[in-house]
Amino acid sequence: MNPDFERSSASFRDPSGFIFRREGTLYRQVNQVYRAAYDKFMTGGLYDALVKSGMLIAHSESTTAPALPELAYKVLQPQVVPFISYPYEWSFSQIKDAALLTLSAARLGLEKGMLLKDASAYNVQFINGKPILIDTLSFDNYKEGAAWDGYRQFCQHFLAPLALASLVDIRLTQLLRVYIDGIPLDLAAQLLPGKTAIGLSGLALHIHLHARAQKQYADKPSAQASAVQMSKGALLNLFNSLEKTIQPLKWEPKGTEWGAYYQATNYSDDALKAKGAIVGSLIEQAAPNTAWDLGANNGLFSREASRRGIETIASDIDPAAVEQDYLALKAGSEQHLLPLVIDLTNPSSALGWAHAERDSFLDRGPVDLVMALALIHHLAISNNVPLDSVAQFFAAAGKWAIVEFVPKSDSQVKRLLATRKDIFDQYNEAGFEKAFAGCFDLMAKEAIPGSDRTLYLFRRKA
Amino acid sequence: MGFILFKLNYLDPGSGSLLVQLLAAGLLGGLGILAKVFWGRIRAFLKGEKYVPPQPTEEEKEKPEE
């Protein structure tokens with residue numbers, strides 16, 4: 001008999017339990033092996049404290065049958081996260097906030113007699129602009145003397161990418177795409193400036209010495225290491241030390257591609273407002289629940305969707321624009337918006353064991369509406385993507401599409417063509433409409449006042 | 001009692017990582033550290049010497065491994 005559930009392919013490392021889906025609903029099975037820890041977690045005040053402070057997703061205990069009854073203690077129905085994102089898609093401050101959340105949760109856990117047993121960046125998601133832990137089974141009963149098993153993972157998942165982004169190059173966060181369990185510390189140590197290895201600074205200890213110790217003790221059994229015993233005070237020192245190492249790490253966007261786009265563009269304030277109004281009315285025609293704004297820059301037009309209560313992803317290739325977007329979102333306590341760093345010419349692929357631990361960007365769709373404003377010329381001209389291929393991608397990603405066509409007469413396109421031969425015969429309004437007619441029906445078309453540009457609303461063909 | 005700590009834990013904490021967290025917690029906080037065997041290792045590690053483990057006591061020999 002086929003099972004009536006589907007186990008999450010990303011949920012297999014921790015024997016405490018796992019995620020499964022049955023009839024479209026997401027559940028978490030808690031296994032017997034985790035029973036004592038789960039009971040203490042729920043009755044000892046830690047769950048309440050974490051959920052009340054918005055640090056952990058809430059859940060309810062469900063009466064649905066467990067997926068694997070022979071292992072099961074309980075079945076939970078967790079609060080659903082609108083969109084699963086990954087650390088290699090986060091801007092600098094998103095990674096930093098996720099790291100600080102992890103440390104705060106660890107500290108709070110210890111207060112309540114529980115120890116955070118891992119420190120995976122993949123246990124953090126963003127809801128309404130705030131990082132939140134999603135793994136309800138991450139805490140074990142604290143036993144006097146225990147060291148922190150999550151220490152190495154924390155350094156690899158959080159400290160190394162933040163240090164590299166801050167002190168070397170923001171693009172190094174992309175190493176998280178290559179190394180699924182975080183950036184190897186010996187690699188981080190090699191890439192960091194030599195001065196970070198000197199003295200007893202946090203980076204000297206947690207990255208450089210840590211890397212050396214890992215090499216030195218790589219083949220030593222942990223039975224001997226178990227002679228390490230740490231008091232509660234020592235654990236708190238460790239959490240504090242990591243926080244003090246992370247707090248001063250900063251990244252100020254400068255010199256990247258699009259950070260100052262809206263200042264450099266030829267749009268006047270009035271034209272931007274007019275464009276926003278048209279985009280808003282096209283969104284209302286499509287009436288979506290979910291939207292992806294691709295090439296969103298700092299999310300100016302993404303907010304036309306999110307402020308209408310539509311769960312919106314604002315993706316951009318430029319980490320500076322996404323950083324700016326995230327900081328604005330955080331400052332304004334806005335809802336329904338998630339800025340992410342995504343290079344559309346090479347979007348996040350499926351990663352991990354059996355290609356199934358982390359979903360590709362497209363596999364996390366489709367959504368109701370794809371928005372591509374002032375994007376098409378970057379795909380078609382800078383990256384040579386044929387227009388019908390652009391249309392096919394948008395049709396795979398969403399049911400509706402709002403697309404801005406930017407003609408060759410536009411100064412931004414002129415700029416792109418200034419340094420290369422114009423081999424794009426089909427790049428004009430007629431060619432664009434023809435390419436999109438393959439996958440979409442044209443629902444509305446509106447010229448943007450004060451520019452040569454046109455906004456289109458398409459609906460995917462049935 | 002040490003081995004009890006690892007029984008249910010699914011992450012390999014890594015011997016080197018354990019050593020460094022002990023060191024970091026001690027150096028940066030200065031309080032509340034207890035290491036039975038590892039101070040010898042820390043000394044040897046920092047001096048780049050080869051570490052010679054102390055002989056276990058009779059009591060420790062009788063403990064089951066798992």
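Quick caveat: nothing in here was measured; it's all calculated off a predicted structure.

Cut-off values and rules
- Residues numbered from 1 in each chain as written.
- Chains lettered and ligands numbered in written order.
- Predicted model: local features only at pLDDT ≥ 70, side-chain atom pairs only at ≥ 80, totals over all residues.
- Pairing = 2+ DSSP bridges.
- Helix = DSSP H or I, 4+ residues; strand = E, 2+ residues; numbered from the N terminus.
- Contact = placed C-beta atoms within 7 Å.
- Axes fitted to C-alpha atoms, helices over the stretch in contact; angles between N-to-C directions.
- Parallel < 35°, antiparallel > 145°, perpendicular 65-115°, else oblique.
- Left-handed = near helix turned anticlockwise from the far one by under 90°.
- Nonpolar A, V, L, I, M, F, W, Y, C, P; charged D, E, K, R; others polar.

Explanation requested: the pairing of strand E8 (residues 130–133) of chain A in the structure shown.
Regular strands show a simple pattern: their side chains alternate between the two faces of the sheet. All names here are of chain A. Note: strand E7 (residues 124–127) against E8, four bridges, orientation antiparallel. Within E8, the position partnered with Val124 by the bridge is Leu133. Between E7 and E8, which follow one another and run antiparallel, lie two residues, and Asn128 among them has a positive phi close to 50 degrees.

How do you make sense of the sheet that holds strand E2 (residues 17–22) of chain A when you look at a structure like this?
Hydrogen bonds between backbone atoms are what pair the strands of a sheet, whose relative direction is either parallel or antiparallel. Here we have five strands laid out as an open sheet, ordered E1-E2-E3-E5-E4 (chain A), and antiparallel in their pairing. What marks the edges here is a single partner per strand, and that holds for strand E1 (6–7) and strand E4 (59–61) of chain A.

Just to check I follow, could you spell out the environment of Glu429(A) for this structure?
Residues and elements named next belong to chain A. In this structure, Glu429 sits in helix H17 (residues 429–437). Once the C-alpha coordinates of Glu429 and Val406 are considered, the two residues, 23 residues apart in sequence, prove to be 8.6 Å apart. Filtering out sequence-adjacent residues up to four positions away, Glu429 remains in contact with Phe405, Pro407 and Thr454.

Sorry, what's going on with the packing of helix H4 (residues 151–167) of chain A against helix H9 (residues 232–246) of chain A here?
How two helices pack is summed up by the angle between their axes together with the distance between the axes. Residues and elements named next belong to chain A. Running from N to C, H4 and H9 point in directions that differ by 10 degrees, and their axes come no closer than 11 Å. In terms of axis orientation, H4 runs roughly parallel to H9. Note that H4 runs across H9; the crossing there is right-handed. Where H4 abuts H9, its residues Tyr151, Phe154, Leu159 and Leu162 lie against Leu238, Leu242, Thr245 and Ile246. Tallied by class, the residues present in the contact of H4 with H9 amount to seven nonpolar, one polar and no charged.

Sorry, what's going on with the packing of helix H3 (residues 92–111) of chain A against H4(A) here?
Residues and elements named next belong to chain A. Close contact between H3 and H4 brings their axes to 10 Å; oriented N to C, the two are set at 145 degrees. Remark: the crossing between H3 and H4 carries left-handed chirality. Between H3, through Phe92, Ile95, Lys96, Ala99 and Thr102, and H4, the contact on the second element is made entirely by Phe154, Phe158, Pro161, Leu162 and Ala165. For the contact of H3 with H4, the class distribution of residues is eight nonpolar, one polar and one charged.

What should I look at first to understand the environment of Ala119(A) in this one?
Residues and elements named next belong to chain A. Counting through the fold element by element, Ala119 comes out in the loop between strand E6 (114–116) and E7. Through-space distance from the C-alpha of Ala119 to that of Pro66 is 27 Å; in sequence the pair is 53 residues apart. Setting aside residues no more than four positions away along its own chain, Ala119 makes contact with Thr102, Gly150, Gln153, Phe154 and His157.

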